[in-house]
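# Residue-level structure breakdown
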Amino acid sequence: MYSPTLESPARDTGSQLSGWEHPVEKPAETPSRLRALVRPWLAVLCAAALGISVGVVIGVGLAREITLDVDGKLTTHRSFAADVRGALKAAGVPYERGDMVSPPPSAEIGDDMTIVVRHARPLTLNLDGTSSTHLTTALNVQDALVELKMNPNKLQLSTTRLRQIPVEGFELDARSQRKVTIVAGSMRIETTTTGRTVKEVLEESNVELGEGDKVSPGLSTFPPEDTVIRVTPGLPPHTIPISADVAALNWEALARCVSGNDAKSAPGGLYGFGLKMWLAVGGEKRPVDWPEAEQTYRAQLLYQRLAGDWKRAWPECGHRL
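This section reports on the structure supplied with the text. (Residues numbered from 1 in each chain as written. Predicted model: local features only at pLDDT ≥ 70, side-chain atom pairs only at ≥ 80, totals over all residues. Heavy atoms only, no water.)

A few words on the overall build of the protein chain. Tallying secondary structure elements over the protein chain gives nine helices and 12 strands in all. Scored against the burial criterion, the 321 residues of the protein chain give a buried share of 32%. (Helix = DSSP H or I, 4+ residues; strand = E, 2+ residues; numbered from the N terminus. Buried < 20%, exposed > 50% of the residue type's maximum accessible area, 1.4 Å probe, protein only.)

Looking now at the layout of surface pockets. One way to see where empty space is left: roll a probe the size of a water molecule over the atoms. Looking at the largest pocket, its volume works out to about 160 Å³. Along the wall of the largest pocket there are 13 residues; nearest its centre are Y271, G272, F273, A313 and W314. A class-by-class count of the residues in the lining of the largest pocket yields nine nonpolar, two polar and two charged. (1 Å grid on protein atoms, 1.4 Å probe; cavity = no way out; pocket = protein on both sides within 12 Å on 5 of 7 lines; lining within 4 Å. Points joined across faces, edges and corners; volume = space filled by probe spheres on them. Nonpolar A, V, L, I, M, F, W, Y, C, P; charged D, E, K, R; others polar.)

Another point: the sheet that holds strand β8 (residues 170-176). The four strands are arranged β6-β5-β8-β7 in an open sheet whose pairing can be described as mixed. Two strands lie at the open edges of the sheet, namely β6 (130-136) and β7 (155-157), each paired on one side alone. Each adjacent strand pair in this sheet contributes to an overall mean axis angle of 30 degrees, direction not counted. With three bridges connecting them, β7 and β8 associate as antiparallel partners. When the bridges of β8 are listed, L157 appears paired with A174. (Pairing = 2+ DSSP bridges. Axes fitted to C-alpha atoms, helices over the stretch in contact; angles between N-to-C directions.)

What follows is about the pattern of salt bridges. Using the criterion set out here, one finds 10 salt bridges in the structure. Across the salt bridge formed by R286 and D289, the nearest N and O atoms sit 3.3 Å from each other. (Salt bridge = Lys/Arg side-chain N within 4 Å of Asp/Glu carboxyl O.)

For the peptide bond that leads from S102 to P103, omega is -5 degrees, which places it in the cis range. Secondary-structure assignment places P103 in the loop between β3 (100-102) and β4 (113-118). Of note, the bond from S216 into P217 is cis; its omega dihedral lies within 30 degrees of zero at -5 degrees. We note that K285 has phi near 55 degrees; this positive angle belongs to a residue other than glycine. With respect to the element layout, K285 can be found in the loop between α7 (275-280) and α8 (292-305). Even without a glycine there, the phi angle at A307 is positive, about 55 degrees. Within the fold, A307 resides in the loop between α8 and α9 (310-313).

Strand pairing in a sheet relies on backbone hydrogen bonds. The paired strands run either parallel or antiparallel. Spatial strand order, β2-β1-β4-β3: four strands in an open sheet with mixed pairing. Where the open sheet ends on each side, the last strands, each with one partner, are β2 (73-79) and β3. Pairwise comparison of adjacent strand axes, ignoring direction, gives a mean angle of 20 degrees for this sheet. Pairing geometry for strand β1 (residues 64-70) and β2, over seven bridges, is antiparallel. Bridge pairing links T67 to T76 in β2. Packing of helix α2 (residues 84-91) onto the sheet brings it into contact with β1, β2, β3 and β4, and relative to β4 it is tilted by some 70 degrees. (Contact = heavy atoms within 4.5 Å.)

This next bit is on α2. Looking only at α2, the buried set comprises V84, A87 and L88. Summarising the axial view, the buried residues of α2 lie within an arc of 95 degrees, below the 170-degree limit, and thus occupy one face. Of the exposed residues in α2, the ones pointing more than 90 degrees away from its buried face are K89 and A90. Here the buried face of α2 lies against β1, β2, β3 and β4. Where α2 terminates, the next one or two residues include G92, which has phi positive at roughly 75 degrees. (Arc of directions from axis to C-beta.)

As a further point, take the side chain of S205. As for its position among the elements, S205 is in the loop between α4 (198-204) and β11 (214-216). The class of S205 is buried, set by a relative accessible area of 18%. Here S205 is in contact with I182, I189 and T191, once residues within four sequence places are set aside.

Shape descriptors only; they carry no functional weight alone.
Rendered as structure tokens:
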């Protein structure tokens, strides 16, 4: 029969331990404390990362894409600048007074904006022998001439119209095309010329000057648009004097009857000279090649040679003398 020597302690199902059981230690609380410490920093880091992300998104949204056209060279940029001035500064594009900037520096930046910059450059223009220097923002010769209010179609240029003008400057020779009229005796020539002097214009038109010929305006004069160049032949020598009685006759009335007082109306001139008769009294070329005074002198010589017999020379009009 079983007889216990010791009384077994009663089991307690409550919070106390039996004499035969070892106490069980509770788990350490360190992980919970780490979590408590880490959680605030994690929140801070997440907020910071979120702020950076938002900032990047906002920043990208504020940047605008612009195109720079600097002296004809195109480049594309993303700019955070508020105005054209800031965009050019950020892109390293300088400009000074006299340069062309469009839109103006104070204009606000817009999406897909194109900013045009044209740096001023010196153009030395030698026009018809006269030199002048101008500042232009044009990139080529033709645009520079238009900017100077000149018609490239009426200029003879030393280079092509599309020749680029470098920033450091360029020298251009030009001759203007002008309409000029040449009157030499009975000859009348209307021509377009680039000649810088009257002499050059006459040479271009193959007008030869005789000894003693007079030219108006002078040979070294610049002929502008619509100039009339008159060539008056040098008069043949007047070796035979005219008597006072002959000079006093009404030569104007005779000329009016013969030719209507028009020195250029017919080859015979004012007094209806035949070529043989004209040469016989010392005339040269043709009567119409000479001014009125020369034609009258030769008519007076003829009258003297005929001893006043005007009917032989002017049977229908001689009585007007």
